[in-house]
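Okay, here's what each chain looks like letter by letter:
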Amino acid sequence: MSAPRFHPAASLVVWLFFIVALAMLPLPALLCLMLAAAGWPRLLWQAVQRMRWLLLATALLAGWYVPGLPLWPAQAWSPSWQGLQLGAAQALRLLLMALSLRLLWRHYGSGAMLAAVLHLLQPWRAAGVPVQRVAVRLVLTLQYAEALLATQPKPSLAWLQQQLLAQQGSQTQPDQVELGFYPWHSRDSWLLLVAALVLAIIMKAVQ
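Note that residues are indexed from 1 along each chain, following the sequence as it is written. Thresholds applied to this predicted model are a pLDDT of at least 70 for local features of residues and 80 or more for the giving and counting of side-chain atom pairs; totals over whole chains, interfaces and linings are not thresholded and use all residues. As a convention, hydrogens and water are excluded, and side-chain values are obtained from all of the structure's heavy atoms.

S.K.: What's the story with the overall build of the chain in this structure? I'm lost.
M.R.: Where helices and strands are cited, they refer to DSSP runs of H or I of at least four residues and of E of at least two residues respectively, numbered from the N terminus. Tallying secondary structure elements over the chain gives eight helices and zero strands in all. When the helices and strands of the chain are listed from N to C terminus, the series reads α-α-α-α-α-α-α-α. For every residue, the accessible area (1.4 Å probe, protein chains only) is compared with the maximum for its type, and the residue is labelled buried under 20%, exposed over 50%, or partly exposed between those bounds. The buried share of the chain, taken over its 207 residues, is 30%. When contacts within the chain are restricted to residue pairs at least 6 apart in sequence, those whose partners lie at least 24 apart make up 71%. Surface accessibility in these figures is a Shrake-Rupley result with a 1.4 Å probe; residues are shielded only by whichever protein chains are displayed. As displayed, the chain has an accessible area near 13,500 Å², and 68% of this comes from carbon and sulfur atoms. Should any heavy atoms of two residues lie within 4.5 Å, those residues are counted as being in contact.

Written out as structure tokens, the structure reads:
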């Protein structure tokens, strides 16, 4: 794998900015992002398959809990238009968040993501936080989540139990992550500056 253009920590911070922006974007802007996400149809379809019940519940429950104009005026139990729109927006945010994180993970890999998390957690070392342990556990969790998403059969409790038992008796895939070295360049600082400006513009626009 060739060296990434930007430092993994810089890209991770940009992703966090993206998540903050998602929380403020209206439904039309989220739909435009979904059109852009169609450029990765396989990953998008996998995310929809794995999250379909969560997405459906998020979209529908808001329809009954948020007041507004009823979808079927003659029915007392009708969901509201405003609720369904809010629920659809929340579902799209969840889907875009999961898809963007997976794209970031697949681009950098576990070693680079570990370096990014360690870099961002360094200030907490002075407070006594076990930075290395937290970072490794987080990255290993994401690594197993990626393996579950990439698998062809639908994950189930029986399938997951079978996989865990197989890993206990096999040493072919140990729980370890190779930590790489990634120097910080001026372009990483410029990337954060541009991302912060874009986020500020979005926050100003949606006020």
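Past the structure itself, the notes keep going.
S.K.: Looking at this structure, I do not really get helix α5 (residues 110-121). What am I missing?
M.R.: Along an α-helix, residues three or four positions apart point the same way, because every turn accommodates 3.6 residues. To estimate how far a helix should reach, multiply one less than its number of residues by 1.5 Å. In this model, α5 (12 residues) spans 16 Å end to end at C-alpha, consistent with the 16 Å of a helix rising 1.5 Å per residue. Buried residues dominate α5, accounting for nine of its 12 residues. Buried within α5 we find S110, G111, A112, M113, L114, A115, A116, V117 and L118.

S.K.: Help me understand the packing of helix α1 (residues 8-24) against helix α8 (residues 186-205), please; the structure alone is not making it clear to me.
M.R.: A pair of packed helices is captured by two measures, namely the crossing angle of their axes and the spacing between those axes. Axes, fitted as lines to C-alpha atoms, cover a helix only where it is in contact. Angles between the N-to-C directions of the axes lie from 0 to 180 degrees. Between α1 and α8, whose axes approach to 10 Å, the crossing angle comes to 5°. By the angle class used here, α1 and α8 are roughly parallel. Residue-level contacts link A10, V13, V14, F17, V20, A21 and M24 of α1 to D188, L191, L192, A195, A196, L199, I202 and M203 of α8. Comment on the angle field: the value is read as roughly parallel under 35 degrees, roughly antiparallel over 145, roughly perpendicular from 65 to 115, and oblique elsewhere.

The quantities given are spatial measurements derived from coordinates; they are silent on function.
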